[in-house]
There are 2 protein chains.
Amino acid sequence: VALQRGETRERGRVALDAMGGDHAPAAVVAGAVRAHVDHGVDVVLVGRPDAVTRALADVGATGLLPIVPAADVIGMREDPAIGLRAKPDASIRVAARLALVSAGSTGATLAAALLQLGRLPGVRRPVVAALIPASSSRSVVLVDAGGSPDAQPEALVGYARMGLAYAEVLAVEMPRVGLLNVGAEAGKGNALAKAAHTLLSGTERFAGNIEPEGVLAGDVDVVVTDGFTGNVFLKTVEAASRGHGGGAAVLLGVDGEVLIAHGAADAGQIAAALRIAADVATAGLSAKVGARLARH
Amino acid sequence: VALQRGETRERGRVALDAMGGDHAPAAVVAGAVRAHVDHGVDVVLVGRPDAVTRALADVGATGLLPIVPAADVIGMREDPAIGLRAKPDASIRVAARLALVSAGSTGATLAAALLQLGRLPGVRRPVVAALIPASSSRSVVLVDAGGSPDAQPEALVGYARMGLAYAEVLAVEMPRVGLLNVGAEAGKGNALAKAAHTLLSGTERFAGNIEPEGVLAGDVDVVVTDGFTGNVFLKTVEAASRGHGGGAAVLLGVDGEVLIAHGAADAGQIAAALRIAADVATAGLSAKVGARLARH
């Protein structure tokens, strides 16, 4: 994770954490090559030069993509706050002007993005947003899809607000948000869900509790839950529908474009995530979300 | 819920809470009639005599099934502890010798069963167990499938023990239990999952963390989690695989047979649950689980 605040971002160019993910760097670098060759995505590889150079050579692509040295990159299992402060290397800034894709630790990516990019105005805690394919030929925004395993009820109100702004950017008019729960009635669920229901009931666009079936039917535009339940839900949908879920999740609430790919992503899924990242960077997603958050 | 401890149970006969469930009594009574006519299940209807009589008449089945008066039944939205103490009516004992099926509030059913049937020796907190269809042509036992939305880490150790005993009754040799989590490594998950992992690591048959994909692949025989996450997981599997999930969940750890059907169960699903209940009652499931718990 190598981002710096306040730089002008280059639209459409994507930085890839070449060392992050269960199959890094081989599958990750192979995915970058595929995204570049097949789809013209402009990718910069961030990682250990020797390992990345070897991975490029292994797929016959020596010299094809620029490499930002790894010494500047915070290891995905490293404490991000300590690591980022200890390594203020200049070359880290190369990646700062780009959208970032990482298949490494979600928690570390979130913490590093928070520290280096900063929050959008009015955001207390950024959130990971994934798109769940609903049967009605459109997608439902899931927040938190796996950023923060433990959450306070108040955090879910912020997640809902960011999810609604994201849905608006995706051209949903007057989006509605539901609370993921085990029953439709108020008073259902665990302590977190009950408290969050009470808080959300005082907000606009709240459609009440929603069960998994309702989410998959597209009965709401946004579904809000804690990151543990959200990640179990996302992974269950993907597993039960067999191999969907190439799409990367977006980090909402930071002042820059950060995409989180599956830790177990293969080359094809990395390539797909890079294409999404290029689109998101070109569209300027974070600025648009920020503009909508400022309005409400 | 109408159960009394210490009575001799009639094998194969099933008591149905005719008033419990979103579509009660109409769909529930229709399901009972179907189970009786099509599959020979011996059902007793427990509920308000006027409403149940009318529901029987509506499907042309007046007088077909015996009715246990409703005055003796604890309302599904009523506080079960208070309700059960306030209504010690004699006729409640009719249902005591039978397996019970309820599509009403799971929490109330669990509390009432606990109070009236009592726990099996060595059990602190009974748990709801559902069967998840795994791709390997067999099923994985899910505990807790929705009994207690909030759980302490210690409770999950007990759930695992009961789930393993149930798997043994289902003829799995040397079953293994996984902890439902968002990653395979120790240290993943929310506070509950982390603490439960530590406790479970000291027990036999623990296979570590398991992600949704692994559960659906049948990589373990039992998967343990809290009742909120478990219920979201179960409902997501059912919704994503479109309309499976006729099966009822079993309450493990009480001294009697209690089956929990979906709140939204239709007549066909109620009929299916009644057939399972009859089989479970004939097999004497709770006694078998108790015998296996005593061994470990």
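Just so you know, these numbers come straight off a predicted model, no measurement behind them.

Describing the interface of chain A and chain B
With 27 residues of chain A at the interface, the matching set in chain B holds 27 residues. Approximately 2300 Å² of surface area, both sides summed, lies buried where chain A meets chain B, with 70% of it carried by carbon and sulfur atoms. Counting across the chain A and chain B interface gives two salt bridges. Where Lys 235 of chain A meets Glu 211 of chain B, a salt bridge forms, and the shortest distance between an N and an O atom there is 2.8 Å. Linking chain A to chain B there are six residue pairs in polar contact (both at pLDDT 80 or more). The set of elements that each furnish at least two residues to the side of chain A that touches chain B consists of α6 (191–200), α7 (212–216) and α8 (227–240) of chain A. The biggest single contributor to the side of chain A that touches chain B is α8 of chain A, with 10 residues. Residues of the side of chain A that touches chain B, tallied by class, amount to 13 nonpolar, seven polar and seven charged.

Re the pattern of salt bridges
A full pass over the atoms with the stated rule returns 12 salt bridges over all chains. Where salt bridges share partners, they join Glu 168, Arg 205 and Arg 292 of chain A into one cluster.

A short note on the sheet that holds strand β5 (residues 127–133) of chain B
Residue and element names in this part refer to chain B. Pairing in this open sheet of 11 strands is mixed, and the strands run β3-β2-β1-β4-β11-β10-β5-β6-β9-β7-β8 from one edge to the other. Looking at the sheet topology across the chains shown, the edges are occupied by β3 (67–69) and β8 (206–210). Sheet twist, expressed as the mean angle between neighbouring strand axes with direction ignored, is 30°. Pairing of strand β4 (residues 99–102) with strand β11 (residues 258–260), which is carried by three bridges, proceeds in the parallel orientation. Residue pairing in the sheet places Ser 102 in a bridge with Ile 260 of β11. Packed on one face of the sheet, helix α5 (residues 106–117) meets β4, β5, β10 (249–252) and β11 and runs near 175° to β11.

Things to note about the side chain of His 197 of chain A
Looking at the secondary structure, you find His 197 of chain A in helix α6. On the basis of relative accessible area, His 197 of chain A is assigned to the buried category, the value being 13%.

Definitions and cut-offs
- Residues numbered from 1 in each chain as written.
- Chains lettered and ligands numbered in written order.
- Predicted model: local features only at pLDDT ≥ 70, side-chain atom pairs only at ≥ 80, totals over all residues.
- Heavy atoms only, no water.
- Contact = heavy atoms within 4.5 Å.
- Buried area = accessible area lost by both parts, 1.4 Å probe.
- Salt bridge = Lys/Arg side-chain N within 4 Å of Asp/Glu carboxyl O.
- Polar contact = N/O pair within 3.5 Å; in protein donor to acceptor, adjacent residues only side chain to side chain.
- Helix = DSSP H or I, 4+ residues; strand = E, 2+ residues; numbered from the N terminus.
- Nonpolar A, V, L, I, M, F, W, Y, C, P; charged D, E, K, R; others polar.
- Pairing = 2+ DSSP bridges.
- Axes fitted to C-alpha atoms, helices over the stretch in contact; angles between N-to-C directions.
- Buried < 20%, exposed > 50% of the residue type's maximum accessible area, 1.4 Å probe, protein only.

Remember that the coordinates give geometry; whether it matters functionally is a separate question.
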